[in-house]
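Analysis of the macromolecular model
Letter by letter, the chains look like this.
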Amino acid sequence: MCRLIGYFGNPIRLDELLYKPEHSLYKQSYSPLELKSGAVCADGVGVGWYDEVGKPFIYRNTIPLWNDSNLEELSNYVQSSCTVGYARLAGIGQSLDISNCQPFRSGKLLFVHNGEISNFEQTLYRPIRESLCDSTYGLIKGMTDSEHIFALLVQMWQSSPDRTLFDALRATLEKLTELASEHKTSFSANVIVSDGQAVAAVRYAYRTQAPTLYWSSDSLKHPNQVIVASEPLSNENWTAFDEQSMLFFEAKSLQPTISLLERFAPIGV
């Protein structure tokens, strides 16, 4: 299981998320507290951010976060008001290839996922691909279940321009649940996705337990920021996501607000 992080608020340097907190993503990569399987996240690292005009950028590497001096240098310089990142723990049989590293990007969307589809290549690999149009099918460069979920999300997002990120992510989970039910498998999907103006984050699973996910918004010290992470970055002001719950926040007059925290049940359970 990977470790995820997402941030939305006033511009900050990347190192304030990746390195400086007491239990930063850097610390979680080699000393996680709530990892369901494995001991460390040593199979890659990635971070995505938006510049001041909303253009998305990504940095990815196949080495452990704690060995990546280039990312440390970069994070001391780059500032952003919206960031997603992850430290990778590869699934059994998955290669350490850059195409399998997150974040994934399409247009303005940045996406990170923690979880797995059980027996992916034997269950939902082909069904997901068969549900995609040519353009979203072409997004897939690697072999991970995460990238296939991202392609499905992009299709949901593009198929209805009026959808919010919240709506597109919910539709994606509904489709995955429908496919998992049909093909008698299970999956977990903790996701953080952003278009630079809004962020949707979800803790969700079907016929299994979802990995942990938390969010923090300190209305006194930092009233204009929200952080989502697999594990709390500190001992203060963190709230655990319930199973099957989603958080959605967006910029309104340059002020990020939590607009939805909704709990919903899987289809067909």
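Residue positions within a chain follow its written sequence, with the count starting from 1. Given that the model is predicted, a residue must reach a pLDDT of at least 70 before its local features are reported, and side-chain atom pairs must reach 80 or more before they are shown or counted; all residues, however, enter totals for whole chains, interfaces and linings. Computation of side-chain values: all heavy atoms of the structure, hydrogens and water removed.

Describing the packing of helix α7 (residues 145-159) against helix α8 (residues 165-182)
How we decide: Fitted lines through C-alpha atoms give the axes, limited to the stretch in contact for helices. The angle between two N-to-C directions lies from 0 to 180 degrees. For the purposes of this entry, the term helix denotes a DSSP run of H or I that reaches at least four residues, the term strand denotes a run of E that reaches at least two, and both are numbered from the N terminus. Angle categories are assigned with fixed cut-offs, so that under 35 degrees is roughly parallel, over 145 is roughly antiparallel, 65 to 115 is roughly perpendicular, and the rest are oblique. Less than a right angle of anticlockwise turn of the near helix away from the far helix marks a crossing as left-handed, whereas a clockwise turn marks it as right-handed. By definition, residues are in contact when any of their heavy atoms lie within 4.5 Å. Polar here means any residue outside two lists: the nonpolar Ala, Val, Leu, Ile, Met, Phe, Trp, Tyr, Cys and Pro, and the charged Asp, Glu, Lys and Arg; Gly therefore counts as polar.
Where α7 meets α8, the axes come as close as 9 Å, and the angle between the chain directions of the two elements is 125°. Classified by the angle between their axes, α7 and α8 sit oblique to one another. In this structure, the crossing between α7 and α8 has a hand that is right-handed. Across from Ile149, Leu152, Leu153, Met156 and Trp157 in α7, the residues of α8 making contact are Leu165, Ala168, Leu169, Ala171, Thr172, Lys175 and Leu176. Residue classes in the contact of α7 with α8 are distributed as 10 nonpolar, 1 polar and 1 charged.

Overview of the sheet that holds strand β4 (residues 79-87)
Inclusion rule: Note: two strands are recorded as paired if DSSP finds a minimum of 2 bridges between them.
Here we have 7 strands laid out as an open sheet, ordered β3-β2-β4-β1-β10-β9-β11, and antiparallel in their pairing. Every interior strand has two partners, whereas the edge strands, β3 (56-61) and β11 (239-240), have only one. In this sheet, strand β10 (residues 225-229) lies alongside strand β1 (residues 3-13) in antiparallel orientation, the contact comprising 5 bridges. Its bridge partner being in β10, Gly6 is matched across the sheet by Val228.

Comments concerning α8
Applicable threshold: A helix is expected to span 1.5 Å for every residue after the first. Here the term buried applies to any residue with accessible area under 20% of the maximum for its type, exposed to any over 50%, and partly exposed to those in between, with areas from a 1.4 Å probe on protein chains only.
The first and last C-alpha atoms of α8 sit 26 Å apart over 18 residues, in line with the 26 Å expected at 1.5 Å per residue. Those residues of α8 not exposed but buried are Leu165, Phe166, Ala168, Leu169, Ala171, Thr172, Leu173, Leu176, Thr177, Leu179 and Ala180. Positioned one or two residues after α8, Lys184 has a phi angle of 55°, which is positive.

Quick word on the pattern of salt bridges
The test is simple: Take a side-chain nitrogen of Lys or Arg and a carboxyl oxygen of Asp or Glu: if they are within 4 Å of each other, that pair is a salt bridge.
For the coordinates displayed, the defined rule picks out 6 salt bridges. Put simply, Arg170 and Glu174 hold a salt bridge, and the shortest N to O gap is 3.2 Å. Taken together, the residues Arg170 and Glu174, both in helix α8 and 4 residues apart, mark about one turn of the helix. What makes Arg170 partly exposed here is its relative accessible area of 24%.

Digging into the packing of aromatic side chains
As a reminder, the rule being used: In this analysis, rings of Phe, Tyr and Trp, with Trp reduced to its six-membered ring, are considered paired at centre separations within 6.5 Å, and the interplanar angle assigns stacked below 30 degrees, edge-to-face beyond 60, and tilted for intermediate values.
Under the definition given, this model contains 11 aromatic pairs. Both rings, one in Phe111 and one in Phe150, keep their centres 5.1 Å apart while their planes meet at 40°; by these two values the pair is tilted. Residue Phe111 is found in strand β6 (residues 109-114), and its partner Phe150 is found in helix α7; the two are separated by 39 residues along the sequence. Phe150 matches Phe111 in its accessibility class, with the two residues each being buried. Taking the centre distance of 6.2 Å and the plane angle of 35° together, the rings of Phe187 and Tyr206 count as tilted. One end of the pair, Phe187, is in strand β7 (residues 187-194); the other, Tyr206, is in strand β8 (residues 198-206), with 19 residues separating them in the sequence. Look at Phe187 and you get buried, because its relative accessible area is 0%. Ring pairing ties together the aromatic residues Tyr19, Tyr26, Tyr30 and Trp66, which thus form one cluster.

Some remarks on α7
Since the α-helix packs 3.6 residues into each turn, any two residues three or four apart lie on the same face. Taking 1.5 Å of rise per residue, the 15 residues of α7 would be expected to cover 21 Å, and the 21 Å separating its terminal C-alpha atoms lies within 8% of that figure. Within α7, the full set of buried residues consists of Asp145, Ser146, Glu147, His148, Ile149, Phe150, Ala151, Leu152, Leu153, Val154, Gln155 and Met156.

Notes on the pairing of β1
Summarising burial for β1: 8 of the 11 residues are buried, a large majority. Pairing analysis gives 8 bridges linking β1 to β4, with the strands arranged antiparallel. In the sheet register, Ile5 faces β4, and the bridge partner there is Gly85.

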